[in-house]
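Letter by letter, the chains look like this.
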Amino acid sequence: MDSGDNEVTIDFSPLLRVFKNGHVERMFDSPIVPPSLEDPTTGVATKDIDISPDIKARLYLPKLTNSTNEKLPILVYYHGGGFCLESAFSFLDHRYLNLIVSEANVIAISVEYRLAPEHPLPIAYEDSWTALQWVVSHVLENPGFEKEPWLVNHGNFEKVLIGGDSAGGNIVHNLAIRSSYESLHGGIKILGCILCFPYFLTSSDFKEDSLASRIWGFVNPTAEDGVDDPRINPFVEKAKSLSVLGCSNILVCVAEKDELRNIGIKYVEAVKKSGWKGEIELIDVQGEDHCFQIFNLETEKAKDLIKGMANFIKKYCA
């Protein structure tokens, strides 16, 4: 049995363990990979940048075909991992974003927000908002702001979208709500939101001892209402009305075997009934589980889902 500093105090095996000495063992993370000047499969170029001393990101630029001055939609992306796992620089997300960027012909900024438990919520939400504000700040004339050339030369700031998987989908929802009462720099509006397998919970749908509920309590220990915190449960009375969502178009993706499927569908139905003035679409993949497309990119269903996301982007960015 472990004792002293080697004692495990929190055990979410096979995902994560925390030891008495504070060490966090992330067992689920995929390896970190470097950016590439040209991905051999897609031709997408990537590079890493610092948004602030605490926030980093990986930029993705598709292979330009029409013109070196080609202006492209901008996708700000937030990775999944329950707010405590994975990275914008991981093998899985790097491979996944390369395909999305190539298929949709967009510039993407994959945000490396800080993770719990070292940085408990709401830090991930604040980092994500800061990164989004940094992106749209490129439309401002600010002599002290060092602009990113890829965004300046190739970004279309009239076509800004935000997207994410799992916890990233939850972040997207919360940023869309926030943008309804706190303006983005330059008056930029979010054109579209992509919520893939969004991490939402309710006390009526998830038991207190379920893994999804326990992880929420772990990453957000100050949440007064547990899984009925408005940031994880958008249906509670104290949550802001879904009618104020600050975007024009929404795509929600769910999968048949995912325990979050029903609550994702519930979200779509609630948005439709809220009076929100926009278009919301649902993709429901049969026979698959949570975030399957990130782990098994080679399958036909994964390719179809990525194509569906790309078609959503193209539909509203034409």
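None of these values were measured; they are calculated from a predicted model. (Residues numbered from 1 in each chain as written. Predicted model: local features only at pLDDT ≥ 70, side-chain atom pairs only at ≥ 80, totals over all residues. Heavy atoms only, no water.)

1. Considerations on the pattern of salt bridges
Where charged atoms from two side chains of opposite charge approach closely, those side chains can pair.
(1) Moving on: According to the stated counting rule, one finds 17 salt bridges in the structure shown.
(2) Moving on: One salt bridge connects Lys-56 with Asp-50, and the closest N-O pair in it is separated by 2.9 Å.
(3) Moving on: Judged by its relative accessible area of 35%, Lys-56 falls in the partly exposed class.
(4) Moving on: By relative accessible area, which is 53% here, Asp-50 ends up exposed.
(5) Moving on: A salt bridge links Arg-231 to Asp-229; the shortest N-O distance between them is 2.9 Å. (Salt bridge = Lys/Arg side-chain N within 4 Å of Asp/Glu carboxyl O. Buried < 20%, exposed > 50% of the residue type's maximum accessible area, 1.4 Å probe, protein only.)

2. A closer look at the sheet that holds strand S9 (residues 190-196)
(1) Moving on: Overall, mixed pairing links the eight strands, which are arranged S4-S5-S7-S6-S8-S9-S10-S11 in an open sheet. Looking at strand neighbours, the two that pair on one side only are strand S4 (45-50) and strand S11 (279-285), the edges of this open sheet. Averaged over all pairs of adjacent strands, the angle between their axes in this sheet comes to 20°, without regard to strand direction.
(2) Moving on: Here seven bridges tie strand S10 (residues 247-255) to S11, and the two strands are oriented parallel to one another. Residue pairing in the sheet places Cys-253 in a bridge with Ile-283 of S11.
(3) Moving on: Helix H2 (residues 123-136) rests against S4, strand S6 (72-78), strand S7 (107-112), strand S8 (155-165) and S9 of the sheet, and its axis sits at about 165° to S6. (Pairing = 2+ DSSP bridges. Helix = DSSP H or I, 4+ residues; strand = E, 2+ residues; numbered from the N terminus. Axes fitted to C-alpha atoms, helices over the stretch in contact; angles between N-to-C directions. Contact = heavy atoms within 4.5 Å.)

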